Amino acid sequence: MSWFSNPEGRPDPNFRDDTPKVADPAIPDRMVSTKRANQPFLAYKAYRDEQAKIHAAWREREDARLAAIARGDPNPPAAEPDPTAEREVGLLGLLKFFFYLALVVLLAGKFVTGEWMWGSANEADGGTLVGSWIVGARKWWLAPGQQRLFSEGLLAAFDGSDAEKPIYLAIDGDVFDVSSNRRVYGPGGSYALMTGVDAARAFGTGCFKEHRTHDLRGLSESELQGVEHWKKFFRDHKSYFQVGRVTHPPIDPMSPLPQHCDPKQEVAQRERWGVPVPPPVAATPRPGKEAEEQKKAARVEPENPTSGGQAHEEL
């Protein structure tokens, strides 16, 4: 009889229990079934009874030994410990426990993260082994099904300006936590411009100030490979880990391409994309001091002239 049809718990008149009956260990003058559900309870009672017999036999031997000592017997029976007494864990037991615990942690680290030490220690966690374990555990728990979906506005809140929040950067839609290296990615760091935004184009071209955008139109094959290189770099890094994806509004195909920081690369980019290259405009020097300053400015090389993400070096 099911619980739904018998919520009051009335005995089922049609139920028959043909299993053998034994005395109830807890309630006198009551018989209980030896069915499978009762076996653990009955087995424990049998164990306790056996332990009581062993203890009674030891107690009898111990009383006999004490009586022999009281009579002055020169050769009394040797003392023996109570075989049923619970033994306390000593120093050796504690050492064994911590040894096996450390062994389990190491094996789990190798299985979960591929590293015996759960990854290398990092600067943000004080360079400690515990800090590296924390990073490895976060990589494990943030599986693809548990990662977060960011909007561009939400991602911008994790640019390092708030010390209470982690630092995130995105490459071609993938968002990575780089909080373990605040010296480089935090405010005033060498690559603070790359945080809080999907700057995939900058990772391919090296134009970190001009190309803080996810627009990859017009990039060369080597520049696209540079973007993939940095995605793999952050994805496989021992201290950084992916936390989610960022969604972007669609790019208008008729919008102009982002201008390259290297004039030569700008010409090549326009040719690949089929955009007319405007003719160079000769600057007319102005007389006097302003003309001299203009000549000096013309001799200054453009900033970050390298391409393919080669200027991005991890510190």
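Bear in mind that the values here come from a model prediction, so they are computed numbers and not experimental data.

1. Focus: the state of the cysteines
Cysteine pairs can be linked by a disulfide, which is a covalent bond between their two sulfur atoms. Inspection of every chain in the model, using the stated rule, returns one disulfide. Residue pairing for Cys-207: its cysteine sulfur links by disulfide to Cys-261, the two sulfurs lying 2.1 Å apart. The sign of the S-S torsion, about -70°, decides the handedness of the disulfide formed by Cys-207 and Cys-261: left-handed. One end of the pair, Cys-207, is in the loop between helix H6 (200-205) and helix H7 (221-236); the other, Cys-261, is in the loop between strand S6 (241-246) and helix H8 (263-273), with 54 residues separating them in the sequence. For Cys-207, a relative accessible area of 0% gives the class buried.

2. Quick word on helix H1 (residues 39-70)
Under the 1.5 Å per step criterion, the end-to-end length of H1 is 46 Å for 32 residues, consistent within 8% with the ideal 46 Å. All of the buried residues in H1 are Leu-42, Gln-51, Trp-58, Glu-62, Arg-65 and Ala-68. Summarising the contacts, the buried residues of H1 are in contact with strand S1 (21-23) and strand S2 (31-33).

3. Considering the pairing of S6
One face of the sheet, then the other: side chains in a regular strand alternate in exactly this way. Where burial is concerned, most of S6 is hidden: five out of the six residues are buried. Pairing between strand S3 (residues 148-150) and S6: three bridges, direction parallel. Bridge assignment links Leu-149 to a residue of S6, and that residue is Arg-245. The pairing of strand S5 (residues 174-177) with S6 spans four bridges and is classified as antiparallel. Across the sheet, Asp-177 pairs through a bridge with Phe-241, a residue of S6.

4. Considering a nonpolar patch on the surface
A surface patch of nonpolar side chains, about 510 Å² in accessible area, is lined by Val-89, Leu-94, Phe-97, Phe-98 and Leu-101. Structurally, Val-89 is set in the loop between H1 and helix H2 (91-113).

5. A short note on the sheet that holds S3
Taken in spatial order, the four strands make up an open sheet running S3-S6-S5-S4, and their pairing is mixed. The open sheet terminates on both sides in strands that have one partner only, identified here as S3 and strand S4 (168-171). For this sheet, the mean angle separating the axes of adjacent strands, direction not counted, is 40°. Pairing analysis gives four bridges linking S4 to S5, with the strands arranged antiparallel. Residue pairing for S5: Ile-171 is matched across the bridge by Asp-174.

6. Regarding unusual backbone geometry
Trans peptide bonds make up most of the peptide bonds, and negative phi angles are found at most residues other than glycine. Although it is not a glycine, Asp-29 adopts a positive phi angle of roughly 60°. Considering the arrangement of structural elements, one finds Asp-29 in the loop between S1 and S2. With phi around 50°, Asp-172 is a residue other than glycine that occupies positive phi space. Relative to the assigned elements, Asp-172 resides in the loop between S4 and S5.

The rules behind these values
Numbers given for residues are sequential positions, taken from 1 along each chain in its written order. Residues qualify for local features only when their pLDDT is at least 70, as the model is predicted, and side-chain atom pairs are given and counted only at 80 or more; totals for whole chains, interfaces and linings, by contrast, use all residues. Side-chain metrics rest on all non-hydrogen atoms present in the structure, leaving aside hydrogens and water. Cysteine sulfur atoms that pair up within 2.5 Å are treated as a disulfide. Comment: elements are numbered from the N terminus, with helices defined as DSSP H or I runs of at least four residues and strands as E runs of at least two. Only protein chains enter the calculation, and the probe is 1.4 Å; a residue is then buried if its accessible area is under 20% of its type maximum, exposed if over 50%, and partly exposed in between. What a helix is expected to span follows from its residue count: subtract one and scale by 1.5 Å. By the convention used here, residues are in contact when the closest approach between their heavy atoms is within 4.5 Å. For two strands to count as paired, DSSP must find a minimum of two bridges between them. Candidates for patches are residues over 30% relative accessible area with no salt bridge; among them, like charges are joined within 9 Å and nonpolar side chains (Val, Leu, Ile, Met, Phe, Trp, Tyr) within 5 Å. Throughout, the Shrake-Rupley method with a 1.4 Å probe supplies accessible areas, and for residues the shown protein chains are the sole cover considered. The rule for a salt bridge is simple: a side-chain nitrogen of Lys or Arg has to be within 4 Å of a carboxyl oxygen of Asp or Glu. Structural elements are reduced to axes, namely lines fitted to C-alpha atoms, with helices fitted over the stretch in contact, and the angle between N-to-C directions of any two is expressed from 0 to 180 degrees.

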